[in-house]
Amino acid sequence: MPDKPTSDPLEVLLAHDAWATRRQVELCKHLTPAQFQRRFDIGLGSLHDNLSPVIGAVQRWTDRLHGRPPRPMLLAPKEYAHLGGPRVERTPDQLIAISAEASAELAAFARDHRADLGRTVVLEWPGTADRKKKRYTFPHAAVIVHVCTHGMHHRSQCTNMLKRLGVPGLSDKLPDLSAVDWQAENEIPAVEIPA
């Protein structure tokens, strides 16, 4: 454990996001492939289909922050299928490896460009059959916050899916994945309180 816990909000946000995604995908290693792909009426439909875009969003937004064309989506929702490559069924281990690399790259960008978080990135959001194409200009800081809150949104959906699977010893013992849980697990030792 470090000498002092992280107190910089940006560092906490990025470290927590990477940790929480990894922890949730690690839980999925205890599932069968059928359970990992099981369809739910939540989010994007399955654990695999919710976690893949979370990780892919980290990659694509980091590409935009660096001023490069975004990679294909890891898994594109139907209305944006033209932005993704062919559908690939990835294992939890594969997603953990992709996530670790993507999160490290985003964190490095944030550290290296901390003084420039007011700079902007332009996003051209593609149109669909029922939506017109739009252009947005976001500060780098908003992009980083978006990536992390987007991850939290979908991880909450995944927690619900994991509960609904009803896997003994897993569904009934899901860990809390909050920022203070990240810090307690990684940086702050628990102190026993005498009775």
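Structure's up top.
One structure accompanies this document, and this report is about it. Since the structure is predicted, the reported quantities are computational estimates derived from the model, not experimental observations. (Residues numbered from 1 in each chain as written. Predicted model: local features only at pLDDT ≥ 70, side-chain atom pairs only at ≥ 80, totals over all residues. Heavy atoms only, no water.)

1. Considering the overall build of the protein chain
Convention followed: Strands are runs of DSSP state E lasting at least 2 residues, helices are runs of H or I lasting at least 4, and numbering of each runs from the N terminus. Type-normalised accessible area, obtained with a 1.4 Å probe on protein chains alone, sets the label of each residue: buried when under 20%, exposed when over 50%, and partly exposed for intermediate values. Residues are treated as being in contact if the distance between any of their heavy atoms lies within 4.5 Å.
For the protein chain, the helix and strand inventory stands at 6 helices and 2 strands. Tracing the protein chain from N to C terminus, the helices and strands come up as α-α-α-α-β-β-α-α. Its C-alpha atoms give the protein chain principal-axis dimensions of about 65 × 45 × 25 Å. Counting across all 195 residues of the protein chain, residues that qualify as buried make up 42%. Considering only intrachain contacts with a sequence separation of at least 6, the fraction spanning at least 24 residues in the protein chain is 68%.

2. A closer look at the packing of helix H3 (residues 47-65) against helix H5 (residues 140-165)
Selection rule: Interaxial angles span 0 to 180 degrees and are taken between N-to-C directions of axes, which are lines fitted to C-alpha atoms, for helices over the stretch in contact. Here the word oblique covers every angle except those under 35 degrees (roughly parallel), over 145 (roughly antiparallel) and from 65 to 115 (roughly perpendicular). Under the convention adopted here, Pro, Cys and the residues Ala, Val, Leu, Ile, Met, Phe, Trp and Tyr are nonpolar, Asp, Glu, Lys and Arg are charged, and Gly plus all remaining residues are polar.
For the pair H3 and H5, interaxial distance at closest approach is 9 Å and the crossing angle is 170 degrees. Here H5 runs roughly antiparallel to H3, going by the angle between their axes. Of the residues in the contact of H3 with H5, the class split is 15 nonpolar, 7 polar and no charged.

3. Observations regarding H5
Our working rule: Here the expected span of a helix is defined as 1.5 Å times the quantity of residues minus one.
With 26 residues, H5 extends 38 Å between its outermost C-alpha atoms, agreeing within 8% with the 38 Å of an ideal straight helix rising 1.5 Å per residue. Trailing H5 by a residue or two, Gly166 shows a phi angle of about 65 degrees, which is positive.

4. A look at the environment of Leu106
Looking at the secondary structure, you find Leu106 in helix H4 (residues 92-112). Spatially, the C-alpha atom of Leu106 lies 9.0 Å from that of Asp63, the residues being 43 residues apart in sequence. Residues within four places of Leu106 in sequence aside, it is in contact with Leu14, Val58, Thr62, Leu65, Ile144 and Val147.

5. A look at the pattern of salt bridges
We apply this condition: Salt bridge, as used here, is a side-chain nitrogen of Lys or Arg placed within 4 Å of a carboxyl oxygen of Asp or Glu.
Within the structure shown, the criterion is met by 14 salt bridges. Salt-bridge contacts for Asp63 lead to Arg68; the nearest nitrogen and oxygen are separated by 2.8 Å. You can call Asp63 buried: its relative accessible area is 2%. Look at Arg68 and you get partly exposed, because its relative accessible area is 32%. Three or more residues joined by partner-sharing salt bridges are found here, namely Asp63, Arg68, Arg71 and Glu105.

6. A look at the packing of aromatic side chains
How we decide: Centre distance within 6.5 Å is the pairing criterion for rings of Phe, Tyr and Trp, where only the six-membered ring of Trp is used; planes under 30 degrees apart are then read as stacked, over 60 as edge-to-face, and the remainder as tilted.
The full count for this structure, using the stated rule, is 2 aromatic pairs. Relative to Phe138, the ring of Trp61 has its centre 6.3 Å away and its plane inclined at 75 degrees; by these criteria the two rings are edge-to-face. Here the residue Trp61 occupies a position in helix H3, and Phe138 occupies one in strand S2 (residues 134-139), the gap between them amounting to 77 residues. Overall, Trp61 belongs to the buried group, its relative accessible area being 9%.

7. Considering the nonpolar core
Operational definition: Nonpolar cores were defined as sets of buried Ala, Val, Leu, Ile, Met, Phe, Trp, Tyr and Cys residues, with membership established by side-chain atoms within 4.5 Å.
Formed by 20 residues in total, the largest nonpolar core has its most connected members in Cys28, Leu31, Leu47, Leu51, Leu162, Leu165 and Leu170. Secondary-structure elements contributing two or more residues to this core are helix H1 (9-28), H3, H4 and H5. Among the elements that line this core, the one with the most residues is H5, at 4 residues. Within the second largest apolar cluster, 18 residues are counted, among which are Trp61, Leu65, Ala102 and Cys148.

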